[in-house]
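Here is how the chains run, residue by residue.
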Amino acid sequence: MDYTLVVALEMVRAVAWLVLLASGLAIIFGMMRIINFAHGEFLMLGGYTVVTSTHAGVNEWVAILVLAPLVVGIFGIIVERLVIQWLYGRILDSLLATWGLSMLMMGGVTMVFGNTVQGVSTPFGGMKIGAYQMPIYNFVLIGFAVLVLVAIWCVLKFTKAGLIARATMQNADMAEALGIRTRWVYMTTFGIGSAITGLAGGLLAPVTGVVPTMGMNLVGQSFITVITGGASVIAGTLSSAALLGTISQGMTFLTGPVYGDAALLVAALVLLRLLPQGITGRIFKRSL
């Protein structure tokens, strides 16, 4: 019984992990059709913001919940104004530009911090479930994954800003004709997506360790989750994260982490073969 509960909780934690990794990218790619290949480095920047600020004496939760999303959000707005705004509708060009940005960020952070793993202590310690030990912080990650999805859904569904953002992404020319300043909508949307990515990087810093190359390990999982989910930001991210996270963690328990990662990739390939437009392209049409 205890083992079954631990397995179930670890599967939920794996789903929450993918949700946090992919939420910011789902906004930028799912809504704006910009392939931000520097997404992993945005996560890394959020992690380094937490590490640097906590070492300077800032409270860890202030660093995670305030500074990480603020720093990465502002950085995202700067990137959008300097680079991305010229690349809308040019998917391949945006991929190449953000790939170059990822290399630049990785090299710059390595020069400043070195190529060593840094980190912060994991809050709250652990708890016992029978003979098994589990970090309480896992429940924090699950809670924040839920909060992030609910917050995005509420903004897109119930606010004027969300309505304007959805209208702009669906038909920018018509939105412009109605008086909406679409360039500011794009900038704000990219900044919010970057801020959510920074929050995710800050939340994951205590459990992953922070190193300049960490983005290379995380960007693949993020893109797989978003592309498998399809165009819908909420339904796509949640459905693909639930399916892929469960498969990956289940295989990890049965065979080991290497086969778990391989199972995630194989599952994504099979799903994309059966559902080329993603899960929400076939099953949850017209959902957010």
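Enquirer: Can you tell me about the overall build of the protein chain, naming the residues and giving the values?
Expert: Within the protein chain, the regular secondary structure consists of 12 helices and 2 strands. Compactness check: the protein chain gives a C-alpha radius of gyration of 19 Å against a globular reference of 19 Å for 288 residues, within 12% of the reference. Principal axes of the C-alpha set define a box for the protein chain whose edges measure 65 × 45 × 35 Å. Counting all 288 residues of the protein chain, 51% fall into the buried class. Here the contacts in the protein chain between residues at least 6 apart in sequence split such that 77% fall between residues at least 24 apart.

Enquirer: I'd like a description of the pattern of salt bridges, backed by residues and values.
Expert: For the structure on display, the rule yields 3 salt bridges. A salt bridge links Glu 10 to Arg 13; its shortest N-O distance comes to 2.9 Å. Of the two residues, Glu 10 and Arg 13 are both situated in helix H1 (residues 2-32); the distance of 3 residues between them amounts to about one turn of the helix. For the pair Glu 10 and Arg 13, a shared accessibility class is recorded, and that class is buried.

Enquirer: Pulling in residues and values, what's your account of helix H9 (residues 214-229)?
Expert: Counted at 1.5 Å a residue, the expected span for H9 with its 16 residues is 22 Å, and the 23 Å between its end C-alpha atoms agrees. Within the sequence span of H9, burial applies to Met 214, Gly 215, Leu 218, Val 219, Ser 222, Phe 223, Ile 224, Thr 225, Val 226, Thr 228 and Gly 229. In the stretch just after H9, Gly 230 is the one whose phi turns positive, near 100°.

Enquirer: Which residues make up the nonpolar core, and what values go with them?
Expert: Among the nonpolar cores identified, the biggest contains 76 residues, and Leu 20, Met 31, Phe 42, Ile 152, Phe 190, Leu 203 and Leu 244 are the most heavily contacted of them. With 15 residues, the single largest contributor to this core is H1. Each residue touching Phe 42, except ones within four places of it in the same chain, is listed here: Asn 36, Val 72, Phe 75, Gly 76, Val 79, Leu 101, Met 105, Phe 190, Ser 194, Thr 197 and Gly 198.

Enquirer: For the packing of H9 against helix H10 (residues 233-254), give the residues involved together with the corresponding values.
Expert: Packing of H9 against H10 leaves a shortest axis separation of 8 Å and a crossing angle of 115°. Of the two elements, H9 crosses H10, and the hand of that crossing is right-handed. The segment H9 lies against H10, with Ile 224, Thr 225, Thr 228 and Gly 229 engaging Gly 236, Thr 237, Ser 240, Ala 241 and Leu 244. Partitioning the contact of H9 with H10 into residue classes produces 3 nonpolar, 6 polar and no charged.

Enquirer: Break down the packing of aromatic side chains for me, citing the residues and quoting the values.
Expert: With the rule as written, the count across this model stands at 8 aromatic pairs. Ring centres of Phe 42 and Phe 75 lie 5.6 Å apart, and the angle between their planes is 70°; on these two criteria the pair is classed as edge-to-face. Residue Phe 42 is found in helix H2 (residues 39-55), and its partner Phe 75 is found in helix H3 (residues 60-82); the two are separated by 33 residues along the sequence. For Phe 75, a relative accessible area of 26% corresponds to the partly exposed category. Aromatic pair Trp 61 and Phe 144: ring centres 6.5 Å apart, planes at 20°, arrangement stacked. You can see Trp 61 sitting in helix H3 and its partner Phe 144 sitting in helix H5 (residues 137-158), a full 83 residues away along the chain. Phe 144 sits in the buried class, given a relative accessible area of 18%. Between the NZ or CZ atom of Arg 81 and the centre of the ring of Trp 184, over which it lies, the distance is 5.8 Å.

Quick notes on the rules
- All chains use their own residue numbering, which begins from 1 and follows the written sequence.
- Local features in this predicted model are restricted to residues of pLDDT 70 or higher, and side-chain atom pairs are both shown and tallied only at a pLDDT of 80 or more, whereas totals for entire chains, interfaces and linings draw on every residue.
- Neither water nor hydrogens contribute to the side-chain values; these are computed over all heavy atoms in the structure.
- By the criteria applied, helices consist of DSSP H or I runs no shorter than four residues and strands consist of E runs no shorter than two, each listed in order from the N terminus.
- The globule rule is 2.2 Å times the number of residues to the power 0.38, and the radius of gyration it is compared with is taken over C-alpha atoms.
- Here the term buried applies to any residue with accessible area under 20% of the maximum for its type, exposed to any over 50%, and partly exposed to those in between, with areas from a 1.4 Å probe on protein chains only.
- Residues are treated as being in contact if the distance between any of their heavy atoms lies within 4.5 Å.
- Any Lys or Arg side-chain nitrogen located within 4 Å of an Asp or Glu carboxyl oxygen qualifies as a salt bridge.
- Multiplying one less than the number of residues by 1.5 Å gives the expected span of a helix.
- By convention a nonpolar core is built from buried Ala, Val, Leu, Ile, Met, Phe, Trp, Tyr and Cys residues, the set being connected through side-chain atoms within 4.5 Å.
- Every angle, taken between N-to-C directions, lies between 0 and 180 degrees, and every axis is a line fitted to C-alpha atoms, over only the stretch in contact when it is a helix.
- Crossings are classed by handedness, with left-handed meaning an anticlockwise turn of the near helix from the far one by less than a right angle and right-handed meaning a clockwise turn.
- Here the nonpolar group is Ala, Val, Leu, Ile, Met, Phe, Trp, Tyr, Cys and Pro; Asp, Glu, Lys and Arg are the charged ones; every other residue, Gly included, is treated as polar.
- Working definition: a ring pair exists when centres of Phe, Tyr or Trp rings (six-membered ring for Trp) sit within 6.5 Å. Plane angles under 30 degrees give stacked, over 60 give edge-to-face, the rest tilted.
- Only Lys NZ and Arg CZ are tested; either one counts as a charge over a ring when it is within 6 Å of the ring centre and within 35 degrees of the ring normal.

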